[in-house]
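# Fold and geometry: a report
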Amino acid sequence: MDERKLEYDSTLGGPVVLGTHMPTYKYAASALQELKELVNATKQTTSTKLIFQSLPKHMRRRAMSHHPKRLPRKYRAGHIHQMSKSGKPQQTKRPSRKHRRRPQNLLKDYLRRQRRHQWLETHIWHAKRFHMIEKWGYKLPYASCDKTYRACYRATAEHCLLQDISFHACIEMRGTISRLKDGFDRLTSRDCGLSITAKTFVTGRREGFVDLFRDNQYPQKALGKVNFLWRCQDDEDVDPSSPRTLWLWVHPASYTQILEELIKVFDLKRQKSVKVPLSQEDITEKATEEDKKSTEKPKSAKTERRLQFLTKTQTRRQVPIYKSEDSEIQLKELRDTMNRFRLTGPLSQSVLQKALKVVDIDQVDDSKQSTWICEQVQRKHFATFHQRQKDFWNKCHKLITSPAELLSNMILALNVADPRLNRPQKRTKALISYDVQAFHESSQQLLCDIVPELSSSPLWCEKTRNRVSDEMLSTHDYCSMRAKHAIVPGKPCQFEDSMQPIPLLLIQRPGCQEGQYKRLSYACGWDIIAPAGYGMSLWLSLIMWGARPGGLREFESIAREMGTEEHLPDTIGGQQTSGHRYNEMYSKYFRLPPAKRCNYRKFAVVSPFRAPFPQLLRDWNTSGSDSDDKKSGFFILRDRSKLQEISECVRKCNLYKFPKDLPTAQCLIQLKISLTSRGNPGDFSLICLPNRKDFKKKCKQIKHRNNEPIYVEPLLADTDEKERKRLRMQHKKLLKRLRGQRVREKRKKQETSTTRVIIRPANTAAMCLEHMKRMCKLWLPENTETLYSVRKQGTRDCFGYMTTAHFCLTEGNVGGIGYVTVEGLRELLKLCQQCHIKQPQCLIRSTNSRNYRFAAIQVNVNV
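Being a predicted model, the structure only gives us computed values, none of them experimental.

## A closer look at the overall build of the protein
Helix and strand counts for the protein stand at 28 helices and 27 strands. By residue count, 48% of the 863 residues in the protein fall in the buried class. Once local pairs closer than 6 in sequence are excluded, the contacts in the protein between residues at least 24 apart make up 76%.

Right, here's the structure in full:
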């Protein structure tokens, strides 16, 4: 056997001989070669990882895959090379926000965003500070992003609240008084108050309001309430047979229907409209043309000119014009052509006195300036009327502390300086200051000075309105000129004397006039009608002088505090509001799981999300013949004389003078309701009739100071509960069986397939939707007209519903507005008279509660 050491390796298949020594130079040469290969490997990596993935963890960043500058500088070239091989395009640098928000880009973006919903001039200011909602074709502010609910109430009660109501549409009608009177007599009724041609309104010194109905359909089919004002007669032809101009201010909820009725009643036909100042579509074209013409101007001036067109309302657009065949009646749609702001509160007088500075005509120089007022000065009565208006406004500054002290709904025209010239450096609260001695001596004289000439204004002229908007100095140009000419900051400059004044119309609002049960003159203030283009300038000036901004929520709260409603249930606006609230509450209710839903069947509530007035009138109809009444629907009683008689009966709790000729199958009476104890029932709560036991129990509770409910409705059995459970289990089993079929089908295909198996979709959306509809009908049945009685839905007869219920800050208790049937109110008065109750009281029950509580009622005469 060989002396060398032999080892057998089974994996190699034979003996292996190991050497006893190795030369050093051979080992060093082989090690050097390995080191060279290692260095080359570090320079040219062959790893499957990318460069940014091979970095230490503390140097890795999420954005390295698409942002090379996140890597160290020495690895950027290799990283870009790797990314180019992967086929992923390198992302270019996103333009800066400053570049994206250039004026020309903003203009296109703003126009694109206004395709569906129109913007007001103050939209951009509101969008930064308010919750915006889409309503009536506009994008409107609803409520402030801050918690300002109580602050807005304090502003309406003690200070000043400012709201933009430019979404109210203006309709201009021109014709003889006799023709206009004949037409509006078909749309209105004198039972509701003064007509549109009453002497106190025709003179032009006061604004009025009237309820409009379908043609000869009074009291059915109400359209809504419309404010109107006549042009001063002294500003037009004195001849009584000459055409007069009338402005109608219509809420956008009923604008389309009212316009159709006016066209139908006056037999008007649309004319070829003349293109008067600028539509939204022409803004971009006009701005581009001006840029081409003014190439010498700097870029900032051109872009500012673009934004100047944007911040104006549609002063230049095709105004639709309608005329009768004999051309005696003419109608123009002045929608979105003027601004209208509303100031509410006693300090609105001081805010206006600080913000508005009446110009002095004597200082107008025709040689230095060529504004619209230079032409108006040459007119016959303009200087005289302007001086009277200026003197009256100066007297108001000394003699009154609140707008409520003036003639109700009076109209005052003023020609004021640009509001940007009279703006404080920082926000300042305008406080009232008046002469006490002069107030006691001349307070009656101020009322005698209110003449129709005070309402004479160039704002009525369409050419003047358009010229005022066209010749407006933009804010950018004004600030640029101030930067050049202002020597002392805050001091007036010489060029400011040549800026054109602004014609305004101020309309006084008296506020609440029901002193019996509400705070007298609450929500008094002023409305301002301003030409297009000056909306933002005037808005900022009023804000800087201490006015608090408000939105649509404040309209609801103010109406609630005044004991009224913005839209009655029988009007178009009321029906739209009711339908919107029903859909919102209905969807919210069924988004809850079944265990969290209030079971209204057990609570004996037929309609929890809206007031079913037609079914309620059907149940209280004792005549029996209501075939025609179902087609006509219901209406709210607006007859002032009958409401006065009913109010007297309710106040004295006596049926002696209760009207007997009311259509009981259709008529509803509006009541002001206030709870006498604790509890907040909420909207759509039930108004029920009490019995003798309830009155006796109330007397005992008053004696023992007990605030428990008068009566608790017993729980009813839910007859559809078992059916709902059966359908739910059946639906779950069906879905489970269909899912099992798809799983088995997938497993069967996977046995013979080597790739990923994709099976058919479930397609159960239609099935689930149908199941949801059936379940909704079992929770809230829709056919309440035939299955359930609204009157007998509980143990206490229901004879009305509260449409709004909330805590009233002016009174310090819970109250709201309700509507009851005539027969139900008669039964309540009869019961109270038998029980010797001095003040009539009814029972109120919330839709999500079984507790009944007493509430006092009063008839609202001024519906």
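## Observations regarding the pairing of strand E25 (residues 813-821)
The buried fraction of E25 is high, at eight of nine residues. One ladder, built from eight bridges, connects strand E24 (residues 798-808) with E25; its direction is antiparallel. Bridge assignment links cysteine 808 to a residue of E25, and that residue is asparagine 813. In this structure, the hairpin formed by E24 and E25 is closed by a connection of four residues, where glycine 812 is found at a positive phi of approximately 80°.

## A short note on helix H7 (residues 177-185)
Listed in full, the buried residues belonging to H7 are Leu180, Gly183 and Phe184. End-on, the buried residues of H7 take up no more than an arc of 90°, which puts them together on one face. Buried positions along H7 lie against strand E6 (169-175), strand E7 (208-213), strand E8 (222-230), strand E9 (244-250) and helix H9 (255-265).

## A word on the sheet that holds strand E5 (residues 161-164)
Spatial ordering of the open sheet is given by E16-E17-E18-E15-E5-E19, a layout of six strands whose pairing is mixed. Two strands lie at the open edges of the sheet, namely strand E16 (411-416) and strand E19 (548-549), each paired on one side alone. Helix-sheet contacts for helix H19 (residues 552-561) involve E5 and strand E15 (338-344), and the interaxial angle to E5 is about 125°.

## Things to note about the pattern of salt bridges
A complete count under the given rule lists 40 salt bridges for this structure. In this structure, glutamate 158 and arginine 519 form a salt bridge, with 3.1 Å as the shortest nitrogen-oxygen distance. Here glutamate 158 is found in the loop between helix H6 (149-157) and E5, whereas its partner arginine 519 is found in the loop between strand E17 (502-509) and strand E18 (525-531), with 361 residues between them in sequence. Here arginine 519 falls in the partly exposed class, since its relative accessible area comes to 38%. A salt bridge links aspartate 326 to arginine 179; the nearest nitrogen and oxygen atoms lie 2.9 Å apart. In this pair, aspartate 326 sits in the loop between strand E13 (321-323) and strand E14 (330-333) while arginine 179 sits in helix H7, placing the two residues 147 residues apart along the sequence. The class of arginine 179 is partly exposed, set by a relative accessible area of 25%.

## Thoughts on the pairing of E7
Among the six residues that make up E7, five are buried, leaving the element largely enclosed by the rest of the structure. Bridging between E7 and E8 involves six bridges; their strand directions are antiparallel. When the bridges of E8 are listed, aspartate 211 appears paired with lysine 225.

## Thoughts on the packing of aromatic side chains
Across all of its chains, the model carries 27 aromatic pairs by this definition. Between phenylalanine 613 and tyrosine 801, the ring centres sit 6.4 Å apart and the planes meet at 85°, which makes this aromatic pair edge-to-face. Here the residue phenylalanine 613 occupies a position in helix H21 (residues 613-620), and tyrosine 801 occupies one in strand E24, the gap between them amounting to 188 residues. Across this residue pair, the class does not change: phenylalanine 613 and tyrosine 801 are buried.

## Quick look at H6
Of the positions making up H6, those classed as buried are Ala151, Cys152, Tyr153, Ala155, Thr156 and Ala157. Contacts made by the buried residues of H6 are with E5, E15, E19 and H19.

The rules behind each value
- Residues numbered from 1 in each chain as written.
- Predicted model: local features only at pLDDT ≥ 70, side-chain atom pairs only at ≥ 80, totals over all residues.
- Heavy atoms only, no water.
- Helix = DSSP H or I, 4+ residues; strand = E, 2+ residues; numbered from the N terminus.
- Buried < 20%, exposed > 50% of the residue type's maximum accessible area, 1.4 Å probe, protein only.
- Contact = heavy atoms within 4.5 Å.
- Pairing = 2+ DSSP bridges.
- Arc of directions from axis to C-beta.
- Axes fitted to C-alpha atoms, helices over the stretch in contact; angles between N-to-C directions.
- Salt bridge = Lys/Arg side-chain N within 4 Å of Asp/Glu carboxyl O.
- Phe/Tyr/Trp six-rings, centres within 6.5 Å; stacked < 30°, edge-to-face > 60°.

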